[in-house]
Amino acid sequence: MNMSFSRAVFAATLLATTATAASALDISGAGATFPYPIYAKWADSYKKETGNGLNYQSIGSGGGIKQITARTVTFGATDMPLKPEDVEKNGFVQFPTVVGGDVPVVNLDGIAPGQLVLDGPTLANIFLGNIKTWDDAAIAKLNPGVKLPSDAIVIVHRADGSGTTFIFTDYLSKVSDDWKTKVGANTAVEWPAGVGAKGNEGVANNVTQTKGAIGYVEYAYAKQNKMTYTKMLNKDGKAVAPVAESFQAAAANADWTANPAFYQILTNQPGAASWPISGATFILIPKAPQDTAAAAEALKFFAWAYKNGGQAAAELDYVPMPATVVTAIEKAWDNVKDAAGKPVYSK
Amino acid sequence: MSDSMTMTEAQLPLSHSVRAATLSRFRLGDLLFRNATMLSAYGVLILLSGVIVSLIIGAAPALQQFGFGFLTSEKWNPVTENFGAFSPITGTLVTSFLAMLIAVPISTGIAVFLTELCPPALKRPLGIAIELLAGIPSIIYGIWGLFVLAPFLQTTVQPFLIHLFKPVPVLSSLFAGPPYGIGMLTASLILAVMVLPFITSIMRDVFETVPHVLKEAAYGIGCTTSEVVGSIVWPFTRVGVIGGIMLGLGRALGETMAVTFVIGNAHKLSTSLFAPGTTISATIANEFQEATGDLYTSSLIALGLILFIITFFVLAAARLLLVQLNKQAGK
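Residues numbered from 1 in each chain as written. Chains lettered and ligands numbered in written order. Predicted model: local features only at pLDDT ≥ 70, side-chain atom pairs only at ≥ 80, totals over all residues. Heavy atoms only, no water.

Once that is clear, we can look at the overall build of chain A. Helix and strand content of chain A: 14 helices and 12 strands. Taking 347 residues into account, the globule formula puts the C-alpha radius of gyration at 20 Å, and chain A, at 20 Å, falls close to it. Counting only C-alpha atoms and orienting by the principal axes, one finds that chain A spans roughly 65 × 40 × 30 Å. Scored against the burial criterion, the 347 residues of chain A give a buried share of 60%. Residue pairs in contact within chain A that sit at least 24 positions apart in sequence constitute 75% of those at least 6 positions apart. As displayed, chain A offers around 13000 Å² of accessible surface, 54% of which is attributable to carbon and sulfur atoms. Within chain A, the 30 negative side-chain charges are centred at a point lying 2 Å from the centre of the 29 positive side-chain charges. (Helix = DSSP H or I, 4+ residues; strand = E, 2+ residues; numbered from the N terminus. Rg over C-alpha atoms; globule rule 2.2 N^0.38 Å. Buried < 20%, exposed > 50% of the residue type's maximum accessible area, 1.4 Å probe, protein only. Contact = heavy atoms within 4.5 Å. Areas by Shrake-Rupley, 256 points an atom, 1.4 Å probe, with all protein chains shown as cover. Lys, Arg positive; Asp, Glu negative; His and termini not counted. Charge placed at Lys NZ, Arg CZ, Asp CG, Glu CD.)

Written out as structure tokens, the structure reads:
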């Protein structure tokens, strides 16, 4: 609870200071809570350099999509990317800003962080309620030499809708047909088993308190609270740990140019070093903005953030976008045009 | 005011016109006062109907889509957008009922002790303690429930009960494992602790209103304390007592934060009290912010409407009960 709380307070303080100082050009954004701390930190630094402020309301991805569809903000932010056809239909340009992801966390006697290895199908079977105890043959097969307790598995999932859940269930859907047909992927799903808790801190508390529990939390949360994470076998069959490099590998190995809306969910990506439960967070901006000056400023802000914000992102345990992807994103910005059909952003 | 009146009456003979002017000024004042209070009272009605109308409008898409099945379906699937309210409704009713089952006898005990048996030196500290308990914000109860009560239940009480009732047919399924710590029973216990001070302080206050002569007369003819409470205090105060219980029930039905922490938030029905469940208000609090899609949002608003109706019926039932009791008393 503490670290992510302090992160939020830190962000709130930053935004409060940026909000009070009136400026000539203020951009407004609304949406996902997951990237709020980094957007706030970027906004603070950006304001110091340029004098232009950003007012970002972290009202949740669903709210962000609603606000930008109603054009009440300059940009919307969402953890679950809109499908390319929806992006097209609503006249948006969609692009990713930072990478994060989920980490399975466990509470088992005598198991150190990173000692336990799981693969996708096993994880899906655990969350489906098919694997009921920790000494199940499927888990034992993946962990030769590890002494597994015979505790019952207690599943902890998110009770609130969340991009974290979307990434997790999307991964399980990709690796398990059973999961795909019975449960599916969304920000909230009908969980076949387990208890629900609100927020990353709720899941973390329940896992920490219950022997034999397994849950999933956002990467930064697991790292800052030094939780007992598991390693995962990725698509290439390699056991990887959830570290910044493995999230970045997943982002770098993804085929971002497959569609114009950057609709790419980073789960189960190829590459020996890729963490399989990764995901990016996205920005939505209208192709034909009503306030072209604000839209241009918003794009300038994100261009600045890609160029100068990597260090700040890393400090808050977000993973910056790989440089190759940034080039493609800035090219896509040409589609944001003013009334005369001229791109509002130029390098 | 009365001073000036007597002065005018004594010193000046009232001319007719002065009298009329004063009277009309009073009338104007009365009119203004009447309208101001009326407006406040009608404001409540307008507000209430506004809330009902907006709830109905918000809930309409879900109710049209699912019809009556919304009340009876246990499904709650945001992926396929198939929603049913059966498990939150059951969870709400079961946890509130259990909470009252625990809280009402204890509250009665406390109130009787405080008014009839308590040494005077203890009366104030106990009374203040109960009022302080009522003042604790619900989130504190939630955190306490999750960090203190749930682990305690999980490691001691629940394994014991599961073991104890294993051979008993019905109870074995009511107290079936695994012991999660959080679940329906934990939520009911927290709710009981939360409503206890409300019911107790109202009971104590109405018990105090019983005239001492009545009680002393009863004691005088040799009644025991329990007989005094049963035959004198209860008939005299039952309206207030039932009012207090209903207030507590109302709080239990709508309680959100504390329940969300300890109920487990699972849209599943189980015969076991140890299993995680959910309530209407916990579901709304958890899911409203990130509910994507109109049907999802509408279903959550429909849940709110159902809670509103349940609360309304509880209040109506309380009124009926009182009418019934008063009739009996009149016989």
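Looking only at helices and strands, one finds 13 helices and two strands in chain B. Its C-alpha atoms give chain B a radius of gyration of 27 Å, clearly above 20 Å, the size a compact globule of 331 residues would have. Along the longest, intermediate and shortest principal axes, the C-alpha atoms of chain B span 90 × 60 × 40 Å. Contacts spanning at least 24 positions in sequence make up 74% of the contacts within chain B whose residues lie at least 6 apart. Working note: accessible area of chain B is about 17700 Å², and carbon and sulfur atoms make up 73% of it. In chain B, 16 positive and 15 negative side-chain charges are present, and the distance between their average locations comes to 7 Å.

Moving on, we come to the packing of helix H5 (residues 120-128) of chain A against helix H7 (residues 163-175) of chain A. Think of two packed helices as two axes; the pair is described by the angle between the axes and how far apart they sit. Residues and elements named next belong to chain A. Close contact between H5 and H7 brings their axes to 9 Å; oriented N to C, the two are set at 115 degrees. As far as their axial angle goes, H7 and H5 are roughly perpendicular. Crossing handedness for the pair H5 and H7: left-handed. Where H5 abuts H7, its residues Gly120, Pro121, Leu123, Ala124 and Phe127 lie against Phe168, Tyr171, Leu172 and Val175. Residues belonging to the contact of H5 with H7 are distributed by class as follows: eight nonpolar, one polar and no charged. (Axes fitted to C-alpha atoms, helices over the stretch in contact; angles between N-to-C directions. Parallel < 35°, antiparallel > 145°, perpendicular 65-115°, else oblique. Left-handed = near helix turned anticlockwise from the far one by under 90°. Nonpolar A, V, L, I, M, F, W, Y, C, P; charged D, E, K, R; others polar.)

By size, the foremost hydrophobic cluster in this structure holds 167 residues, and its most contacted members are Trp42, Phe95, Leu123, Phe127, Ile214 and Trp333 of chain A. Of the residues forming this core, the biggest block, 13 residues, is contributed by helix H13 (residues 294-330) of chain B. Not counting the four nearest positions on each side in its chain, Trp42 of chain A is found in contact with Val98, Phe301, Trp304, Ala305, Gly309, Ala312 and Ala313 of chain A. (Core = buried A, V, L, I, M, F, W, Y, C linked by side-chain atoms within 4.5 Å.)

Residues and elements named next belong to chain B. Summed over the entire model, instances satisfying the criterion amount to 31 aromatic pairs over all chains. Taking the centre distance of 4.8 Å and the plane angle of 65 degrees together, the rings of Trp76 and Phe83 count as edge-to-face. Per residue, the accessibility class of Trp76 equals that of Phe83, and both read buried. Ring centres 5.0 Å apart and planes at 20 degrees place the aromatic pair Phe83 and Tyr296 in the stacked group. Of this pair, Phe83 sits in strand S2 (residues 82-83) while Tyr296 sits in helix H13, placing them 213 residues apart in sequence. Neither Phe83 nor Tyr296 differs from the other in exposure class; each is buried. (Phe/Tyr/Trp six-rings, centres within 6.5 Å; stacked < 30°, edge-to-face > 60°.)

Residues and elements named next belong to chain A. If you walk across this open sheet you meet the three strands as S5-S9-S10, and the pairing is mixed. Every interior strand has two partners, whereas the edge strands, strand S5 (117-118) and strand S10 (239-240), have only one. Strand direction decides the pairing type here: S5 and strand S9 (residues 231-233), joined by two bridges, are parallel. Note that in S9 the partner of Leu118 across the bridge is Met232. (Pairing = 2+ DSSP bridges.)

Let's shift gears to the packing of helix H9 (residues 199-209) of chain A against helix H6 (residues 138-165) of chain B. Look at H9 of chain A against H6 of chain B: their axes get within 11 Å of each other, and the N-to-C directions meet at 35 degrees. In this structure, H9 of chain A meets H6 of chain B at a crossing whose hand is right-handed. Counting all contacts with H9 of chain A, which are made through Asn205, Asn206 and Gln209 of chain A, the residues of H6 of chain B involved are Leu146, Phe147, Pro151 and Gln154 of chain B. Of the residues contributing to the contact of H9 of chain A with H6 of chain B, the split by class is three nonpolar, four polar and no charged.

Turning next to a nonpolar patch on the surface. Judged by side-chain polarity, Ile139, Ile140, Ile143, Trp144, Phe147 and Val148 of chain B come together as a nonpolar surface patch covering roughly 490 Å² of accessible area. For Val148 of chain B, the position within the fold is in helix H6. (Patch = residues over 30% accessible without salt bridge, like charges linked within 9 Å, V, L, I, M, F, W, Y side chains within 5 Å. Salt bridge = Lys/Arg side-chain N within 4 Å of Asp/Glu carboxyl O.)

A word on the confidence of the model for chain A. All names here are of chain A. Per-residue confidence for chain A gives a mean pLDDT of 87; residues scoring 70 or more make up 93%. Mean pLDDT per element in chain A: helix H1 (residues 2-20) is the minimum at 50, and H5 is the maximum at 96. This stretch, residues 16-23, has a pLDDT under 50; its non-local contacts, to residues over four places away or in other chains, come to 10 contacts. (pLDDT = per-residue confidence, 0-100.)

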